[in-house]
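Architecture and fold: a report
Residue-level listing of the chains:
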Amino acid sequence: MLSHLVIGQLYYGDSLFYIVCFLILMWLVKLMAWKPITKMMQDRSDKISNDIDSAEQSRTEAAKLAKQRQAELDKSHDDASNIISEARSNGQKEHDNIVSQAQEDANRVKVNAQKDIEQERKDALANAKDDVADLSIEIASKIIQKELSANDQKALIDSYIEGLGK
Amino acid sequence: MDGQVSTFQFLGMTFNTANIVSGLVVFVILVAIMFLCSRHISMKPGKGQNFLEWLIDFTNGILKGSLPNNEVNAFGLYAFVLFAFLFVSNTLGLFIQVSMHGVTLVRSPTSDPIVTLTFSLTTMMIAQFAGVRKLGYKRHFENYLHPFKIWIVMNVFEQFTDFLTLGLRIFGVVFSGEMLLKVIYTDLAAKGGAWLIAAVPLEVIWQGFSVFLGAIQAFVFVTLSTVYIAKGLGEE
């Protein structure tokens, strides 16, 4: 069985054959399978690590954008409420102005009207006084003609005037 | 094995026909597998590519166990082809055994010690060359003088025993496996009748177990090769 292991009968040829076979096999495997597959494995691991990196990058970018958008939203919200409150205060001021103006106008008109009425009344009274005096004199002269003394005449006029003043 | 082996002379060297034919069969099988599995290599691997990548990862994993990372690439191809070759060699004889006129033609190549010792010698040579390449002649051979000068006897002897055990371990397992298959087939089945029926499941069970053993032995061979190479590199 193991007779061929005895030195001298060892088949060196087989050894040589297997070594040559193995070398050719190694060369063929390297050419066909080893090189392209290890290259692909390397490429894949590179790609995966790249993908992980870029995913991380885009994640942080997205977070940054979201924060920025939130800040802008807050800012526009503030702006809007500012505008509204400003408009409200403007309107209030305008309203107050108009009301006070109107009040003033009304007061002035009222004062003018009262003054006019007073003047009118005074004028009318003065006119009436003159008219009464004239009328009295006329009446007096007519009565005098019916022998009326000067004292009676004066007393008569005064009593008339007193009656008018009341 | 049991049958006669024919030999022929070529260029003044003696060749064993069974070894040559079996070796060629293994060679052709491996080339076919590698060729078929490495078509259409892409980023998303197909079945064949997945299989080869798994195998490459497996042998690279063996290497990473004992070699530093920067050396793994240098021996990756050797470990890969060695594992594939040994595994196919170990299992070939379990399924195909061809004899012609009583002369064995095809069987497991690794059931002949000359084949396993050839690979074992290759590994030892690679370990030596790797050591010289990395450390230079002087420092590499100085390692034989450690820890004492007299230790050179032990170290040289160790190289020799490493060479023998590495080759003969795989030979023993594969040879005995094939032997038992043949015994079951020739002695048990030849009795005929109930023996033949009993022989079939036995044969199947032993074949399955031998495939397992063949894989284990190929794995062990590659692992030990890596350890010896690491030792040659001065990586204890």
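The name given to chain A in an unreviewed UniProt entry is ATP synthase subunit b, and the organism recorded there is Levilactobacillus bambusae. Here is the UniProt Sequence similarities (unreviewed entry) comment for chain A, exactly as written: "Belongs to the ATPase B chain family."

Below, the discussion takes up the overall build of chain A. Secondary structure assignment for chain A yields 2 helices and 0 strands. Burial statistics for chain A: of 166 residues in total, 14% are counted as buried. Here chain A has roughly 13400 Å² of accessible surface; of this, 58% comes from carbon and sulfur atoms.

On to the interface of chain B and chain A. The interface is formed by 46 residues belonging to chain B together with 33 residues belonging to chain A. Summed over both sides, the interface between chain B and chain A buries roughly 3600 Å², with carbon and sulfur atoms accounting for 82% of that surface. Three residues stand out in chain B for area buried against chain A, namely Met43(B), Leu77(B) and Ile114(B), and they jointly supply 18% of the buried area on that side. At the boundary of chain B with chain A, the tally comes to 1 salt bridge. For Glu53(B), the salt bridge identified is with Arg44(A), shortest N-O distance 2.8 Å. For the pair chain B and chain A, the number of links is 3 residue pairs in polar contact (both at pLDDT 80 or more). No other element matches the 10 residues that helix α1 (residues 17–37) of chain B contributes to the side of chain B that touches chain A.

We now examine the UniProt feature "transmembrane region" (unreviewed entry) in chain A. Mapped onto the present numbering, the UniProt feature "transmembrane region" (unreviewed entry) falls on residues 15–34 of chain A. Along residues 15–34 of chain A one finds 100% helix and 0% strand; the C-alpha atoms at either end are 25 Å apart.

To continue, consider the pattern of salt bridges. The tally for this structure, following the rule as stated, stands at 9 salt bridges over all chains. One salt bridge connects Asp158(A) with Lys154(A), and the closest N-O pair in it is separated by 3.6 Å. Of this pair, Asp158(A) and Lys154(A) both sit in helix α2 (residues 150–165), separated by 4 residues, roughly a single helical turn. By relative accessible area, Asp158(A) is classed as partly exposed at 37%. Look at Lys154(A) and you get exposed, because its relative accessible area is 52%. For Asp162(B), the salt bridge identified is with Lys231(B), shortest N-O distance 3.5 Å. On the criterion of sequence distance, the pair formed by Asp162(B) in helix α5 (residues 152–188) and Lys231(B) in helix α6 (residues 194–232) is long-range, its members being 69 residues apart.

A few words now on the side chain of Thr91(B). Residues and elements named next belong to chain B. Position of Thr-91 among the secondary structure elements: in helix α3 (residues 69–95). In this structure Thr-91 comes out as buried when scored by relative accessible area, which is 10%. If we skip the residues at most four places from it in the chain, Thr-91 touches Ser-108 and Val-211.

On to the nonpolar core, then. Core analysis: the biggest nonpolar cluster contains 59 residues, and Phe80(B) and Phe119(B) have the highest contact counts within it. With 14 residues, the top contributor of residues to this core is α3(B). Setting aside anything within four residues of it in sequence, one finds Phe80(B) in contact with Val29(A), Trp34(A), Met34(B), Leu52(B), Leu55(B), Ile56(B) and Thr59(B).

To continue, consider the side chain of Asn90(B). Residues and elements named next belong to chain B. With respect to the helices, strands and loops of the structure, Asn-90 is situated in helix α3. Owing to a relative accessible area of 2%, Asn-90 belongs among the buried residues under this scheme. In terms of polar contacts, Asn-90 uses its side chain to reach the side chain of Thr-110, at 2.7 Å. Those residues in contact with Asn-90, other than ones at most four positions away along the chain, are Ser-108, Thr-110, Ile-170, Val-174, Gly-214, Gln-217 and Ala-218.

Our focus in this paragraph is the confidence of the model for chain A. A residue-level look at chain A finds 90% of positions with pLDDT of 70 or above and a mean pLDDT of 85. When the criterion is pLDDT under 50, residues 3–8 of chain A qualifies, and its contacts beyond four places in sequence or with other chains add up to 7 contacts.

Okay, the packing of aromatic side chains next. For the coordinates displayed, the defined rule picks out 17 aromatic pairs over all chains. With a centroid separation of 5.8 Å and an interplanar angle of 80 degrees, the aromatic rings of Phe22(A) and Phe85(B) are classed as edge-to-face. One end of the pair, Phe22(A), is in helix α1 (residues 12–144); the other, Phe85(B), is in helix α3, on a second chain. This pair shows no difference in class: Phe22(A) is buried, exactly as Phe85(B) is. Ring geometry for Trp34(A) against Phe80(B): centres 5.5 Å apart, planes inclined by 40 degrees, an arrangement best described as tilted. Taken together, the residues span two chains, with Trp34(A) in helix α1 and Phe80(B) in helix α3. Exposure class is identical for Trp34(A) and Phe80(B). Each is buried. One aromatic cluster in this structure is built from Phe17(A), Tyr18(A), Phe22(A), Tyr78(B), Phe85(B) and Phe119(B).

To continue, consider a nonpolar patch on the surface. All names here are of chain B. Nonpolar side chains collect at one region of the surface, where Leu-145, Phe-148, Ile-150, Trp-151, Ile-152, Val-153, Met-154 and Val-156 lie side by side and expose about 750 Å² of accessible area between them. Relative to the assigned elements, Ile-152 resides in helix α5. A relative accessible area of 35% places Ile-152 in the partly exposed class.

Cut-offs applied
Residues numbered from 1 in each chain as written. Chains lettered and ligands numbered in written order. Predicted model: local features only at pLDDT ≥ 70, side-chain atom pairs only at ≥ 80, totals over all residues. Heavy atoms only, no water. UniProt positions renumbered as here; feature names shortened; annotations may be inferred. Helix = DSSP H or I, 4+ residues; strand = E, 2+ residues; numbered from the N terminus. Buried < 20%, exposed > 50% of the residue type's maximum accessible area, 1.4 Å probe, protein only. Areas by Shrake-Rupley, 256 points an atom, 1.4 Å probe, with all protein chains shown as cover. Contact = heavy atoms within 4.5 Å. Buried area = accessible area lost by both parts, 1.4 Å probe. Salt bridge = Lys/Arg side-chain N within 4 Å of Asp/Glu carboxyl O. Polar contact = N/O pair within 3.5 Å; in protein donor to acceptor, adjacent residues only side chain to side chain. Core = buried A, V, L, I, M, F, W, Y, C linked by side-chain atoms within 4.5 Å. pLDDT = per-residue confidence, 0-100. Phe/Tyr/Trp six-rings, centres within 6.5 Å; stacked < 30°, edge-to-face > 60°. Patch = residues over 30% accessible without salt bridge, like charges linked within 9 Å, V, L, I, M, F, W, Y side chains within 5 Å.

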